[in-house]
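Descriptive analysis of the structure
Letter by letter, the chains look like this.
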Amino acid sequence: MDSIHTQPSRSTTPNALLRLPSPIGRLELTADDEGVLSLSIETDGRLPLEATPETPSPVLRRAAEQLDEYFAGTRQSFDLPVHLTRGTEFQRSVWARLATLNFGDVISYGALGSAIGRTGSGRAIGGAVGANPVPIIIGCHRVLASSGQITGYSAGQGIPTKAWLLDHEGILHR
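Residues numbered from 1 in each chain as written. Predicted model: local features only at pLDDT ≥ 70, side-chain atom pairs only at ≥ 80, totals over all residues. Heavy atoms only, no water.

**Let's talk about unusual backbone geometry**
For clarity, the threshold we go by: Runs of E in the DSSP output that reach at least two residues are strands. Runs of H or I that reach at least four are helices, and both are numbered from the N terminus. For every residue, the accessible area (1.4 Å probe, protein chains only) is compared with the maximum for its type, and the residue is labelled buried under 20%, exposed over 50%, or partly exposed between those bounds.
Even without a glycine there, the phi angle at Asp 44 is positive, about 50 degrees. Note on placement: Asp 44 falls in the loop between β4 (36–41) and α1 (58–72). Judged by relative accessible area, which is 62%, Asp 44 ranks as exposed.

**Section: helix α2 (residues 89–98)**
Owing to its 3.6 residues per turn, the α-helix brings residues three or four apart onto one side. Going by this rule: The arc in question is the one spanned by the directions pointing from the helix axis to the C-beta atoms. Contact definition: two residues touch when any of their heavy atoms are within 4.5 Å.
The set of residues buried in α2 consists of Phe 90, Gln 91, Val 94, Trp 95 and Leu 98. Relative to the axis of α2, the buried residues are bounded by an arc of 135 degrees and lie together on one face. Each element contacted by the buried residues of α2 is listed here: α3 (109–115), α4 (122–130) and β7 (143–144).

**Focus: the UniProt feature "domain: Methylguanine DNA methyltransferase ribonuclease-like" (unreviewed entry) in the chain**
Rules: UniProt positions are given in the numbering used here, feature names are shortened, and annotations may be inferred rather than shown by experiment.
Following the UniProt record, the feature "domain: Methylguanine DNA methyltransferase ribonuclease-like" (unreviewed entry) maps to residues 21–83 here. Between the first and last C-alpha atoms of residues 21–83 the distance is 23 Å; the span itself is 24% helix and 25% strand.

**Considerations on the domain arrangement of the chain**
So the rule is basically this: Each domain's limits were defined by an automated method or a database of domain assignments. For any pair of parts, buried area is found by adding up, for both, the accessible area (1.4 Å probe) each one loses once the two are put together.
On domain assignment, one finds that the chain holds domain 1 (16–72) and domain 2 (89–169). Here the C-alpha centroids of domain 1 and domain 2 sit 21 Å apart. Contacts between the two partners involve 14 residues from domain 1 and, on the opposite side, 16 residues from domain 2. Between domain 1 and domain 2 the total buried area reaches about 1,200 Å² when both faces are included, carbon and sulfur atoms providing 68% of it. Of all residues in domain 1, Ile 24, Leu 39 and Tyr 70 bury the most surface against domain 2, accounting for 48% of the area lost on that side.

**What about the pairing of strand β3 (residues 27–31)?**
To keep things clear, this is the line we draw: When DSSP locates at least two bridges between a pair of strands, those strands are taken to pair.
With respect to burial, β3 is a largely interior element, 5 of its 5 residues being buried. Here β3 shows no split at all, with Leu 27, Leu 29 and Ala 31 on one side and Glu 28 and Thr 30 on the other all buried. As paired elements, strand β2 (residues 16–20) and β3 share 5 bridges and run antiparallel to each other. Among the inter-strand pairings, Leu 20 is bridged to a residue of β3, identified as Leu 27. Hairpin connection between β2 and β3: a loop of 6 residues separates the two successive antiparallel strands, and Gly 25 in this loop has a positive phi of roughly 115 degrees. In this structure, β3 lies alongside β4, joined through 5 bridges in antiparallel fashion. Paired with Leu 29 across the two strands is Leu 39, which belongs to β4. If you look at the hairpin formed by β3 and β4, you'll find 4 residues sitting between the two strands.

Here you go:
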């Protein structure tokens, strides 16, 4: 299991920013003094804070190192503090359950809803999965339809990005 310490943060403003290349496009990470706040995957050549100068921090350097290892195939779990500063209680419960999934694990939207006591909330589960502020680190790409089909992905180039991540982890999908 990943050692991701998810907790709400007192701060909602990032004071650190770092960008790094990856096989799925450039990544942009933000953090507060103690934890990762967000991870964005380049979409159509753009990142959300493109015009903002980088201000690296120790936690972001550690996150970048772990992400490089993940993409190189030498890391299967992250050991990072993640501060969830936005999202409803429901969304945070979905993200907390996602954080328990291991490299190569997969879960359906329905099973995810059942796991958090919200059976029959497929659309809301999908919305919460799509709102995950730290994709890859909290593996929202590991959620598929019960048929194994990719139904969408809100980061990077969408379905092609999700398919790459699933293939990287050896997760069968349609």
